[in-house]
Amino acid sequence: MTLPALHSTGVLYRRILAQFPQDISLAFAYGSGVFKQQGTTQGQMDKNMLDFVFAVDDPVTWHTMNLLQNRKHYSILKLLGPTTISSIQNEYGAAVYYNTLVPVDGRVIKYGVISTDSLINDLMHWKTLYVAGRLHKPVSILELPGENGKLRAALVANLKSAVTASFLMLPESFSEEDLFLQIAGLSYAGDFRMVIGEDKSKVTNIVKDNIQHFRILYSNILRDCPQVVYKPQQGKLEVDKSPEGQFVQLMALPRTLQQRITKLVDPPGKNRDVEEILLQVAQDPDCGAVVQQGISSIVKSSSITQSIKGIGTAGLWKTVSYSSKKLMKMWRGWRRKPSVSQMS
């Protein structure tokens, strides 16, 4: 199966990528500076920060080279050296090290560095759903995993998991847009930044203007899935909601999510096996809500720890500046919403 991702030929992104050490197994750009979101003009897009993630096989070597090339990108933590920076990257938060508010080629960018192994782990098992969640949505792939078949397989497995989890939380019949809204919202469930710091209509804004991009990502998976009737011409889907169908879907979920569901359902001290617990959940009318709670628990813990880590990796001034920009976006999104009196 070919990797269902969007390839960018954008010269700007490649010019930016060229300014970093080239030992990168996967690079992608994402977010409101890359894909148009509802309520955003092209002019605003051009001013938005560009977000990147670089997966690297050897973080210590990569940070060593990047400190030589781009020392100014780092906060005061640069004084600790590449080995400590790599330890901070791998051992805390979501295993990503971000440098933010970096001016490059006339644009302001933020880039996160993650080890290839940590990325594969998140894609396959949803350990933090931090980078895996970003890859549920359309991204612009700049550097593809060449010979790394394991990474390619993990990227596709992550998309399949997003579909399976969403099926469990949706009714028997739903539209393509319903599915894409559910998928796009997975990595925001439980994210404390959605309470303060993010535009509340963010998920809708992401999906509404990018339905075609979501189709490119998911149409092959939906066509090949034996548990759904997919009618692309009408944009409609019907999924198997029988206990047997839901059990198959629960058994296909990533390992960390299965563990979180087990913890939610199984009373302490009972120690039943995962299969037995998931069989019980499959027969529960609130099955979808249990899956939602499991996802929220993963996202909540990783979003908090990664944000705390971000204060150190960005530095205090950049943290205040970045947070104020997020709050302004949240305020603008709130002001765009029609009031009750306008709707009636």
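Residues numbered from 1 in each chain as written. Predicted model: local features only at pLDDT ≥ 70, side-chain atom pairs only at ≥ 80, totals over all residues. Heavy atoms only, no water.

In the nomenclature of an unreviewed UniProt entry, the chain is known as Phosphatidate cytidylyltransferase, mitochondrial of Sphaeramia orbicularis. Recorded in UniProt under Subcellular location (unreviewed entry), the annotation for the chain is "Mitochondrion inner membrane". Per its UniProt entry, the chain bears the Cofactor (unreviewed entry) comment "Mg(2+)". (UniProt positions renumbered as here; feature names shortened; annotations may be inferred.)

Here the focus is helix H7 (residues 149-169). Here H7 is 21 residues long and its end C-alpha atoms lie 31 Å apart, about the 30 Å a rise of 1.5 Å per residue gives. Among the 21 residues in H7, 15 count as buried, and that is most of the element. For H7, the N-terminal capping position is held by Asn148, with its side-chain oxygen 3.3 Å away from the main-chain nitrogen of Lys150. (Helix = DSSP H or I, 4+ residues; strand = E, 2+ residues; numbered from the N terminus. Expected span 1.5 Å × (residues − 1). Buried < 20%, exposed > 50% of the residue type's maximum accessible area, 1.4 Å probe, protein only. Polar contact = N/O pair within 3.5 Å; in protein donor to acceptor, adjacent residues only side chain to side chain.)

Quick look at the packing of aromatic side chains now. In this structure the tally under the stated criterion is 12 aromatic pairs. Considering the side-chain rings of Tyr13 and Phe52, the 6.2 Å spacing of their centres and the 85° angle between planes classify their relative orientation as edge-to-face. A residue pair is termed long-range when its members are at least 10 positions apart, and Tyr13 in helix H1 (residues 11-17) and Phe52 in strand S3 (residues 50-56) qualify at 39 residues. You can call Tyr13 buried: its relative accessible area is 11%. (Phe/Tyr/Trp six-rings, centres within 6.5 Å; stacked < 30°, edge-to-face > 60°.)

Turning next to the nonpolar core. Counting 68 residues, the largest nonpolar core has Tyr218, Leu250 and Ile295 as its most contacted members. No other element matches H7, which puts 10 residues into this core. Judged by nonpolar contacts, the second largest core, of 26 residues, contains Ile16, Phe52, Val102 and Tyr111. (Core = buried A, V, L, I, M, F, W, Y, C linked by side-chain atoms within 4.5 Å.)

What follows is about the packing of helix H11 (residues 243-251) against helix H13 (residues 274-282). Viewed as axis vectors pointing N to C, H11 and H13 meet at an angle of 135°, and their least axial separation amounts to 8 Å. Considering their axes alone, H11 and H13 lie oblique with respect to each other. The handedness of the crossing between H11 and H13 is right-handed. Along the contact surface, H11 presents Pro243, Gln246, Phe247, Leu250 and Met251, while H13 presents Glu275, Leu278, Leu279, Val281 and Ala282. Classifying every residue of the contact of H11 with H13 gives 8 nonpolar, 1 polar and 1 charged. (Axes fitted to C-alpha atoms, helices over the stretch in contact; angles between N-to-C directions. Parallel < 35°, antiparallel > 145°, perpendicular 65-115°, else oblique. Left-handed = near helix turned anticlockwise from the far one by under 90°. Contact = heavy atoms within 4.5 Å. Nonpolar A, V, L, I, M, F, W, Y, C, P; charged D, E, K, R; others polar.)

Moving on, we come to unusual backbone geometry. One non-glycine residue, Ala95, lies in the positive phi region at around 65°. Along the chain, Ala95 falls in the loop between helix H4 (82-91) and strand S4 (96-104). In the Ramachandran plot, Asp105 falls in the positive-phi region, its phi being about 55° despite a non-glycine side chain. Structurally, Asp105 is set in the loop between S4 and strand S5 (107-115). Judged by its relative accessible area of 32%, Asp105 is partly exposed.

Across the chain, the average pLDDT comes to 86, with 85% of residues at 70 or higher. Note that pLDDT drops below 50 for residues 5-9; the model gives that stretch 17 contacts with residues more than four away or on any other chain. Here residues 338-344 scores under 50 on pLDDT; set against residues more than four positions off or in separate chains, the count is 1 contact. (pLDDT = per-residue confidence, 0-100.)

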